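Summary of the model geometry
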Amino acid sequence: MLFERRSLASAKNFLQQYLSLQAKRKRLLKKARPSPLRDFLAVPFPPLEQLLYDTQILSVDFETTGFNAHRDQILSIGFTHLQRGQISLAHNYHQIINTKGLLSAENVTVHSITDQHKTTGISLARGVEDLLAALAGKVMLVHYAQIERTFLQQACYQLYGLAPVFPMIDTLVIAKKRKDKSLTPYNPAELRLESLRKEHQLPAHYSHNALNDAVATAELLMAEVTLRSKPRALVLNQYLL
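This text gives an overview of the structure that appears in the document. (Residues numbered from 1 in each chain as written. Predicted model: local features only at pLDDT ≥ 70, side-chain atom pairs only at ≥ 80, totals over all residues. Heavy atoms only, no water.)

1. Considerations on the layout of surface pockets
Of the volumes computed, that of the largest pocket is approximately 740 Å³. Considering the residues around the largest pocket, the lining is formed by 24 residues, among which Glu63, Phe67, His111, Ile147 and His208 are closest to the centre. Breaking the lining of the largest pocket down by element, the ones donating at least two residues are strand S1 (57-64), helix H3 (105-111), helix H6 (145-160), helix H8 (193-199) and helix H9 (210-225). With five residues, the top contributor of residues to the lining of the largest pocket is S1. Of the residues belonging to the lining of the largest pocket, the class tally is eight nonpolar, nine polar and seven charged. Size it by volume and the second largest pocket reaches roughly 640 Å³. In this structure, the second largest pocket is lined by 15 residues; those nearest its centre are Ile174, Lys177, Arg178, Arg228 and Gln238. Taken together, the residues that form the lining of the second largest pocket break down as seven nonpolar, two polar and six charged. (1 Å grid on protein atoms, 1.4 Å probe; cavity = no way out; pocket = protein on both sides within 12 Å on 5 of 7 lines; lining within 4 Å. Points joined across faces, edges and corners; volume = space filled by probe spheres on them. Helix = DSSP H or I, 4+ residues; strand = E, 2+ residues; numbered from the N terminus. Nonpolar A, V, L, I, M, F, W, Y, C, P; charged D, E, K, R; others polar.)

This is the structure we're talking about:
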């Protein structure tokens with residue numbers, strides 16, 4: 001009985017959070033001036049009771065100059081579409097962003113994006129516009145939500161004066177819950193994208209490329225979902241942050 005009460009309380013709390021997310025979207029829509037952000041906010045988020053299998057998911061990854069969204073910049077944006085257990089490679093997106101200032105040697109070493117590369121890139125405004133258009137009506141999938149959520153919110157605030165909300169799935173959180181439930185000690189490094197892919201026997205991929213990591217995250221979600229007894233019966237609200 002105690003477990004049932006906790007489960008009901010948890011479900012009620014999650015529903016309130018989701019309704020709050022929808023309410024915030026509507027409030028921001030009223031405040032937003034005509035812009036790509038307003039177009040994004042005008043499209044309702046997917047319903048909680050929708051099957052995860054049927055949900056339109058956009059797997060997104062950013063490469064950045066650092067981890068502080070207020071101080072650092074987005075270097076590149078990559079995303080791919082996922083629905084009904086299939087990744088739509090035909091609609092993959094990868095763009096380098098023409099950031100301000102010179103890149104550090106550390107940035108170039110990690111991302112292989114040089115100052116020459118970024119001078120041929122698109123503007124942050126164009127990259128964010130493309131992403132918001134692709135994301136409208138979908139759920140954003142990431143690995144470690146702190147980066148994509150905070151950097152995209154900061155970019156939107158910089159460009160449009162508003163920081164939006166997004167329904168999100170985080171494969172790091174999914175894997176952490178699974179490992180915590182097993183009650184077996186593990187190294188936090190095991191939650192890295194490449195480590196989890198190795199655990200699922202997924203092929204190695206070239207990391208620190210925004211599109212490659214977006215595809216790798218989509219594949220990881222499908223691998224995590226297949227561990228459940230009835231993966232096609234899973235409901236969206238079981239995976240949303």
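2. A short note on the pattern of salt bridges
Side chains that carry opposite charge are capable of pairing whenever their charged atoms lie near each other. Tallied over the full model, the rule gives eight salt bridges. A salt bridge links Glu199 to Arg178; the shortest N-O distance between them is 2.8 Å. With Glu199 in helix H8 and Arg178 in helix H7 (residues 171-182), the pair connects residues that are 21 residues apart, well separated along the chain. Taking relative accessible area as the criterion, Glu199 reaches 38% and is therefore assigned partly exposed. Arg178 serves as the salt-bridge partner of Glu224, at 2.8 Å between the closest nitrogen and oxygen. Here the residue Glu224 occupies a position in helix H9, and Arg178 occupies one in helix H7, the gap between them amounting to 46 residues. We classify Glu224 as buried; its relative accessible area is 3%. (Salt bridge = Lys/Arg side-chain N within 4 Å of Asp/Glu carboxyl O. Buried < 20%, exposed > 50% of the residue type's maximum accessible area, 1.4 Å probe, protein only.)

3. Focus: the packing of aromatic side chains
Taken as a whole and assessed by the stated rule, the structure comprises three aromatic pairs. Look at Phe40 and Phe45: their rings are 6.4 Å apart centre to centre, the planes differ by 45°, and that puts the pair in the tilted class. With relative accessibility at 2%, the residue Phe40 sits in the buried group. Summarising the aromatic geometry, the rings of Phe79 and Tyr93 are spaced 4.4 Å apart at their centres and angled 0° between planes, so their arrangement reads as stacked. Of the two residues, Phe79 sits in strand S2 (residues 74-83) while Tyr93 sits in strand S3 (residues 86-96), which places them 14 residues apart along the sequence. Under the relative-accessibility criterion, Phe79 is labelled buried at 4%. Judged by its relative accessible area of 13%, Tyr93 is buried. Grouping aromatic residues by their ring pairs yields a cluster made of Phe40, Phe45 and Phe166. (Phe/Tyr/Trp six-rings, centres within 6.5 Å; stacked < 30°, edge-to-face > 60°.)

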